[in-house]
Amino acid sequence: TMQSSGHRFRDVEHHPLLADNDSSSSSSSSEADMADRVWFIRDGCGMVCAIMTWLLVVYADFVVTFVMLLPSKDFWYSVINGVLFNCLAVLALSSHLRTMLTDPGAVPKGNATKEYMDNLQLKPGEVIYKCPKCCSIKPERAHHCSICKRCIRKMDHHCPWVNNCVGEKNQRFFVLFTMYIALISAHALVLCGFQFFSCVRGQWTECSDFSPPVTVILMIFLCLEGFLFLTFTAVMFGTQIHSICNDETEIERLKSEKPTWERRLRWEGMKSVFGGQPSLLWINPFAGFRIRRLLLRGKKGGPEFSV
């Protein structure tokens, strides 16, 4: 413990007393500089997992389109299912990108300075907390991520499949990602069921442009992928909605932390994450996206170096 500007200053990892809104308002200039950079975590495992996610979605789209739908003799069956499946695939991958490239709510590094503390206008003797790993003042409910090497506001967990933390600013996109992956997996399993039924009832050589052994192998792999992804993402989607409604992150639940904040009502928690009143914007991963702003960010700051 050391004295600074009449405030007690402690190096700890948890239970901060500094309110979230106080820190965010006083560090607006630092966060504005961070906003000019494209957020990207240079983690080898995370990048491999993110690439695998895209490859698996592309594989599913290939099998559905070229093995099951295009050879079908039912034109409208192929068109309707093809459009629906590809729209879900685009929404899923867009949600994945938004989750991966959105700042999850990182606290500026090295802001534990005398000038910063003076700007906080805290009462004499009030305890504030510093993260010794990234030398930043920890807002309430912030936790340090060893992979991102930053303190993240309302950090829920670090997900290697999106190569990013899930936190205050990108939780909405992560929820949409799990929802759309679950939907696309369920759709793929239903299509596989219809395809197996039609192939068994008819001639295997006529139900696909590929040979029967190749067709069976491709569809078995798709069924395994669809079942695993559906199980994982459906559970994760339910867990995220439960956490949002209870205003409690996964880390806080696992640590059994007693809330020092005023819990939001269930509906208020949903509105705080998804923004505003219920509308189609809640399920739109493109909401708030500006191509021009992204290009300006790229010119100004480039990728967020290894954060």
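What you see is a predicted model, and the numbers here were worked out from it, not measured in a lab. Every chain begins its residue count from 1, and numbering advances along the sequence as written. Given that the model is predicted, a residue must reach a pLDDT of at least 70 before its local features are reported, and side-chain atom pairs must reach 80 or more before they are shown or counted; all residues, however, enter totals for whole chains, interfaces and linings. Only hydrogens and water are set aside; all other atoms, that is, all heavy atoms of the structure, feed into the side-chain values.

Our next topic: the overall build of the protein chain. Put simply, DSSP H or I for four residues or longer makes a helix, DSSP E for two residues or longer makes a strand, and each gets a number counted from the N terminus. When its secondary structure is counted, the protein chain shows 10 helices and eight strands. Accessible area is worked out with a 1.4 Å probe on protein chains only. A residue is then buried under 20% of its type maximum, exposed over 50%, and partly exposed in between. Counting every position in the protein chain, which comprises 307 residues, the buried fraction comes to 45%. Contacts in the protein chain between residues far apart in sequence, at least 24 positions, make up 75% of those at least 6 positions apart. Total accessible area on the protein chain stands at roughly 16,100 Å², and carbon and sulfur atoms take up 65% of it. Contacts were defined at the residue level, with two residues in contact if any of their heavy atoms lie within 4.5 Å. Here the accessible surface of atoms and residues is derived via Shrake-Rupley with a 1.4 Å probe, and residues count as covered only by protein chains that are part of the display.

What follows covers the packing of helix α3 (residues 44-69) against helix α7 (residues 212-246). Only the stretch in contact is used when a helix axis is fitted, and all axes are lines through C-alpha atoms; the angle between N-to-C directions ranges over 0 to 180 degrees. Two elements in contact, α3 and α7, have axes whose closest approach is 10 Å; the angle formed by their N-to-C orientations is 135 degrees. With respect to α7, the axis of α3 lies oblique. Between α3 and α7 the crossing geometry is left-handed. Residues L56, V57, Y59, A60, V63, V64, V67 and M68 of α3 form the contact with α7, whose own contacting residues are T215, I217, L218, M219, F221, L222, E225 and F229. Reported orientations rely on four angle classes, namely roughly parallel under 35 degrees, roughly antiparallel over 145, roughly perpendicular from 65 to 115, and oblique for the rest. Handedness of a helix crossing follows the sense of rotation of the near helix relative to the far helix, less than a right angle counterclockwise being left-handed and clockwise being right-handed.

Next up on the list: a nonpolar patch on the surface. Note that patches include only residues with greater than 30% relative accessible area and no salt bridge, and the join distances are 9 Å for like charges and 5 Å for nonpolar side chains (Val, Leu, Ile, Met, Phe, Trp, Tyr). For salt bridges, the criterion is a side-chain nitrogen of Lys or Arg within 4 Å of an Asp or Glu carboxyl oxygen. A cluster of nonpolar side chains, contributed by F75, W76, V79, I80 and V83, occupies part of the molecular surface with about 540 Å² of accessible area. By secondary structure assignment, the location of W76 is in helix α4 (residues 75-101).

The next point concerns the confidence of the model for the protein chain. Summarising the model, the protein chain shows a mean pLDDT of 80, and 77% of its residues fall at 70 or more. pLDDT runs from 0 to 100 and stands for how confident the predictor is about each residue. Of all helices and strands in the protein chain, the one with the weakest mean pLDDT is strand β1 (residues 2-4) (37), whereas α4 scores best (96). Overall, residues 1-36 carries pLDDT values under 50, and its contacts beyond four positions in sequence, including any with other chains, amount to 89 contacts. Note on residues 298-307: pLDDT under 50 across the span, and 27 contacts to partners over four residues away in sequence or across chains.

Next up on the list: the UniProt feature "transmembrane region" (unreviewed entry) in the protein chain. UniProt marks residues 44-69, 75-93, 173-196 and 216-237 with the feature "transmembrane region" (unreviewed entry), using the numbering shown here. The span residues 75-93 carries 100% helix and 0% strand; its end-to-end C-alpha distance comes to 27 Å. For residues 216-237, the helix share is 100%, the strand share is 0%, and the end-to-end C-alpha distance is 31 Å. UniProt positions are given in the numbering used here, feature names are shortened, and annotations may be inferred rather than shown by experiment.

In the cavity and pocket records, a cavity denotes points on a 1 Å grid over the protein atoms alone where a 1.4 Å probe fits but cannot get out, a pocket denotes an open set with protein on both sides within 12 Å along at least 5 of 7 lines, and lining residues are residues with an atom within 4 Å of a point. Grid points are joined across faces, edges and corners, and a volume is the space filled by probe spheres set on the points. In this model, the second largest pocket occupies a volume close to 390 Å³. Lining the second largest pocket we find 15 residues, and of these S72, K73, Q195, S198 and R201 sit closest to its centre. Of the residues contributing to the lining of the second largest pocket, the split by class is six nonpolar, five polar and four charged. In this classification, the charged set is Asp, Glu, Lys and Arg, the nonpolar set is Ala, Val, Leu, Ile, Met, Phe, Trp, Tyr, Cys and Pro, and all remaining amino acids, among them Gly, are polar.

A large share of strand β3 (residues 127-131) lies buried, amounting to five of its five residues. Of the two faces of β3, the one holding V127, Y129 and C131 and the one holding I128 and K130 are both buried throughout. DSSP bridges decide pairing: two strands pair if at least two such bridges lie between them. Pairing analysis gives two bridges linking β3 to strand β4 (residues 136-137), with the strands arranged antiparallel. When the sheet's bridge partners are listed, K130 is paired in β4 with I137. Hairpin connection from β3 to β4: four residues lie between these consecutive antiparallel strands, with C135 at a positive phi of about 55 degrees.

One less than the residue count of a helix, multiplied by 1.5 Å, gives the span that helix is expected to have. Over its 27 residues, α4 runs 39 Å from end to end, which matches the ideal 39 Å to within 8%, given 1.5 Å per residue. Any pair of N or O atoms that falls within 3.5 Å is considered a polar contact. Within protein, one atom must be able to donate a hydrogen and the other to accept it, and sequence-neighbouring residues count only if both atoms are side-chain atoms. For α4, the N-terminal capping position is held by D74, with its side-chain oxygen 3.4 Å away from the main-chain nitrogen of W76.

Attention now goes to α3. Between its first and last C-alpha atoms α3 spans 36 Å; for 26 residues at 1.5 Å apiece the expected length is 38 Å, and the two agree. Every buried residue belonging to α3 is among G46, C49, A50, T53, V57, A60, V63, V64, T65, V67, M68 and L69, and all of these are buried. Against the buried residues of α3 lie α4, α6 (171-201) and α7.

Two elements in contact, α4 and α6, have axes whose closest approach is 8 Å; the angle formed by their N-to-C orientations is 155 degrees. Put simply, α4 runs roughly antiparallel to α6. Between α4 and α6 lies a crossing of left-handed hand. Counting all contacts with α4, which are made through Y77, N81, L84, F85, L88, A89, L91, A92, S95, H96, R98 and T99, the residues of α6 involved are F173, F174, L176, F177, Y180, I181, L183, I184, H187, A188, L191 and F194.

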